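Residue-level structural notes
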Amino acid sequence: EQWPHALHLLAHIYAANLEDARFLYKRTPDNIKQGSPELQAAFGLLQRMWVKDYQHVWTALQFGWSPQAQPLVAAIAEKRRGQMVELVGRAYANISLGKLAALLGCGEAEAAQAAASKGWEVADGVVEVKQAAPTVRAGEAVAQRSLQRLTEYVVHLE
């Protein structure tokens, strides 16, 4: 009963081991589940992450966490915000500033700053997402050129 179940669950969430977190919660005795509001809040966060309810993850993170859990929850929020920026960058060409703020769990001013830091343009409440140029490593460039030459040669033979 002295085991920090909520911290253990939050650590799995931080590490993106959602299945492990889910099974940890299932294995936790019922009396501990019922007696720990923080464990229930961590499980609520897990549920939101599990179903990819991105906007409501931020609501789940607003629980009054214990001093021991606060640094871990802050790290989860920071990591999640970075992941959401990357997802928005891949999924959207344009997104409203309000929608971006909801996905990032922050206000519109902070969302505009996050967008500007990625080089995205913000105008009239709309964020124009600029796709990052794909990076090609040196070895891949050589392999691509070789494959292109081989393809051209085979086409020439036919």
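Cut-offs used in this document
Residues numbered from 1 in each chain as written. Predicted model: local features only at pLDDT ≥ 70, side-chain atom pairs only at ≥ 80, totals over all residues. Heavy atoms only, no water. Helix = DSSP H or I, 4+ residues; strand = E, 2+ residues; numbered from the N terminus. Polar contact = N/O pair within 3.5 Å; in protein donor to acceptor, adjacent residues only side chain to side chain. Contact = heavy atoms within 4.5 Å. Pairing = 2+ DSSP bridges. Axes fitted to C-alpha atoms, helices over the stretch in contact; angles between N-to-C directions. UniProt positions renumbered as here; feature names shortened; annotations may be inferred. Core = buried A, V, L, I, M, F, W, Y, C linked by side-chain atoms within 4.5 Å. Buried < 20%, exposed > 50% of the residue type's maximum accessible area, 1.4 Å probe, protein only. Salt bridge = Lys/Arg side-chain N within 4 Å of Asp/Glu carboxyl O.

Here the focus is the side chain of Lys33. Tracing the backbone through its elements, the reader meets Lys33 in helix α3 (residues 30-35). One polar contact links the side chain of Lys33 to the main-chain carbonyl oxygen of Tyr25, over a distance of 3.2 Å. Aside from chain neighbours lying at most four places away, what touches Lys33 is Tyr25, Lys26, Thr28, Leu39 and Gln40.

Moving on: the sheet that holds strand β3 (residues 126-128). Read across the sheet, three strands follow the order β1-β3-β2 without closing on themselves; strand pairing throughout is antiparallel. Of all the strands in the sheet, the pair left with one neighbour each is β1 (94-96) and β2 (121-123). Within the sheet, the average angular offset between the axes of one strand and its neighbour, ignoring direction, is 25 degrees. Bridge count for β1 against β3 is three bridges, and the pairing is antiparallel. For Ser96, the partnering residue across the bridge sits in β3 and is Val126.

Here the focus is the UniProt feature "domain: CSN8/PSMD8/EIF3K" (unreviewed entry) in the chain. As recorded in UniProt, the feature "domain: CSN8/PSMD8/EIF3K" (unreviewed entry) lies at residues 5-129. Across residues 5-129, helical content stands at 70% and strand content at 7%; the span's end C-alpha atoms are separated by 40 Å.

To continue, consider the nonpolar core. Of all hydrophobic cores here, the largest spans 26 residues; its most connected members are Leu9, Leu10, Ile13, Leu45 and Leu61. Taken together, the elements giving at least two residues each to this core come down to α1 (5-14), α2 (18-27), α4 (37-50), α5 (54-60) and α6 (70-91). Examining the composition of this core, we find that seven residues originate from one element, α4, more than from any other. Excluding its chain neighbours within four sequence positions, the residues that come into contact with Ile13 are Leu18, Ala21, Ala42, Leu45, Leu46, Met49 and Ile76. Counting residues in hydrophobic clusters, the runner-up holds 15 residues, among them Val88, Ile95, Leu104 and Trp120.

What follows deals with the pattern of salt bridges. Taken as a whole, this structure holds four salt bridges when the rule is applied. Between Lys118 and Glu86 there is a salt bridge, with the nearest N and O atoms lying 2.9 Å from each other. Placement of the pair is Lys118 in the loop between α8 (108-117) and β2 and Glu86 in helix α6, with a sequence separation of 32 residues.

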